[in-house]
Amino acid sequence: MVIYGVALLAGCFLAGMFLGDLLGVILGVDANVGGVGIAMLFLILISDALIKRGRLKPVTRDGVVFWSAIYIPVIVAMAARQNVVAALDGGFMAFVAGSLAVVVCFVLVPVISRMGGVGEPLPTLDRGDEG
Amino acid sequence: MSALETLSSVLVSNGLITAFAFVGVVIWLSYLVSNKLTGGRIHGSAIAILAGLALAWVGGAVTGGSAGLADISVLTGVGFMGGGMLRDFTIVATAFGVNFDEIRRAGLSAALSLVAGVLGSFVVGALVAYAFGYTDAVSITTIGAGAATYIVGPVTGSAIGASSDVIALSIAAGLVKSMMVMTGTPFVAKAIGLDNAKSAMVFGGLMGTTSGVAGGLAATDKRLVPYGAMTATFYTGLGCLLGPSILYFAVRALVG
C-alpha cells in the first residue's frame, strides 16, 4: 500500500530529526545537526535492505517516489516565501559579504572535489523525464 | 457576500491546496518560457525558482511582511508548502535510490568541504565587515557568521551579544548568499565540475545554505540534490558550534 512507503519515509524523517536535535543538545548548539542527512542515510539503508529482500513492492515505492517528485514544486514555494526584500534592503555591505562568500565557495568546489580522484559524471538525462 | 469574496474565502480556508494549484501554474509558465524563449537553454526549474524569488519580492514589497508571497492572505499556503517541514521531508525523499557507496567514497572530501565552507565564508564575511569599517570583534564575528548562513549569523550574534542592527545585517548577508546560490549554481555548474555525486557533496558542504543548495541543485540536475543536501545539513550545526567559540576567539585575538 502507498501509505507504507509514506510511513517509511516519515519514520526515517522523524528518526533523523530526533537524532539531529539530540546531537545539537550534546554539542551544546541551538541547531539541528545533520538531521536531514541522518534521515537520508536511514532511508537509503533501509530501502536498500528491503529491496534486496524483495519486501518493497512497487506501490510502496510510489509512496516515497511521489514526495521525491514533488520536491521541485516545494522548492519553488520555498523561493516564493523568502524575505527577498530584507536581502535587498540589507545594504551594500550585506550584498558584498554574501555574494563574495558564494564566489569563493564556487571556486573551492573543483579544488576540493578533485582531491582523491574526480567523481564519475551522472549519465545524461532526457530532460522530458523530470518530476 | 459577493462571488469574489466567496472565492477568496475558499482560497484562504484551503491554503495548502491553493498553493499546489498556484505553484503548478508558476511551474507550467516557467517551462513554457524555458522552451519558447530560451530554447530550453535555461532550465525550467531554474526559471521557476527565479520566478518564485521575484514573486517573494512582490509579496514583501506589497505587504511589508517577512514571508514573501506567503504574507498575501490568499497565498499563505505557499508559506506552508515551502516551509521547513515539507522542504526537509521532500529532500529526504530524494535520497530514495541513492547509491550508498557513492556517499561513502566521497565522505572524506565532504567532511573537508564542510570545514572549508564554514571557514571560507566566515573569513570572507569578516574581511568585508572590517573593510566597511567594523572594528569590534563582536560585529565582525556576527557578520562573518552571517556570510555562512542566515541562521549561523543570528545564533552567533545573540550568543556573543551583538547589537540588533548587526544581527539584521548578518541575516541579510546570509539571505543574499542563499539567493545567489539558488540562482547562480546552474550557470557555473559546468565550470566547477558539478556533474557527479562527489562534487555535489563537496558543493553542499562548501555552500551550506540548505535552501540555496536545494534550489541551486534542483535548477541544475535534480539527481544531484540528495548528495548536496546530505552534507549541507551538517553545515549550520557546525557553524553554530564554531561561530560563537573558536571563530569569535580568533577574531578577538586579531582585532583586540
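Computed from a prediction, not measured in an experiment: that's the story for all the values here.

### A short note on the confidence of the model for chain A
Confidence in the prediction for chain A averages 86 pLDDT; 93% of positions are at 70 or higher. Mean pLDDT across the secondary structure elements of chain A bottoms out at helix α5 (residues 84–89) of chain A, with 78, and peaks at helix α1 (residues 2–27) of chain A, with 93.

### Topic: the interface of chain A and chain B
Counting from both sides, the interface comprises 71 residues of chain A and, opposite them, 98 residues of chain B. Breaking the side of chain A that touches chain B down by element, the ones donating at least two residues are α1, α2 (35–52), α3 (58–69), α4 (71–80), α5 and α6 (91–113) of chain A. With 18 residues, the single largest contributor to the side of chain A that touches chain B is α6(A). Among the residues making up the side of chain A that touches chain B, the classes are represented as 49 nonpolar, 16 polar and 6 charged.

### Points about α2(A)
Every α-helical turn comprises 3.6 residues, leaving residues that sit three or four positions apart pointing alike. Along its 18 residues, α2(A) runs 26 Å from first to last C-alpha, staying within 8% of the 26 Å computed at 1.5 Å per residue. Among all positions of α2(A), only G35(A), V36(A), G37(A), I38(A), A39(A), M40(A), F42(A), L43(A), I44(A) and S47(A) are buried. In this structure, the buried side of α2(A) is in contact with α1 of chain A together with α5 (84–94), α6 (100–131) and α12 (225–255) of chain B. Positive backbone phi, at 70°, marks G54(A), one or two positions downstream of α2(A).

Definitions and limits used
- Residues numbered from 1 in each chain as written.
- Chains lettered and ligands numbered in written order.
- Predicted model: local features only at pLDDT ≥ 70, side-chain atom pairs only at ≥ 80, totals over all residues.
- pLDDT = per-residue confidence, 0-100.
- Helix = DSSP H or I, 4+ residues; strand = E, 2+ residues; numbered from the N terminus.
- Contact = placed C-beta atoms within 7 Å.
- Nonpolar A, V, L, I, M, F, W, Y, C, P; charged D, E, K, R; others polar.
- Expected span 1.5 Å × (residues − 1).
- Buried ≥ 20, exposed ≤ 12 C-beta atoms within 10 Å, placed from the backbone.

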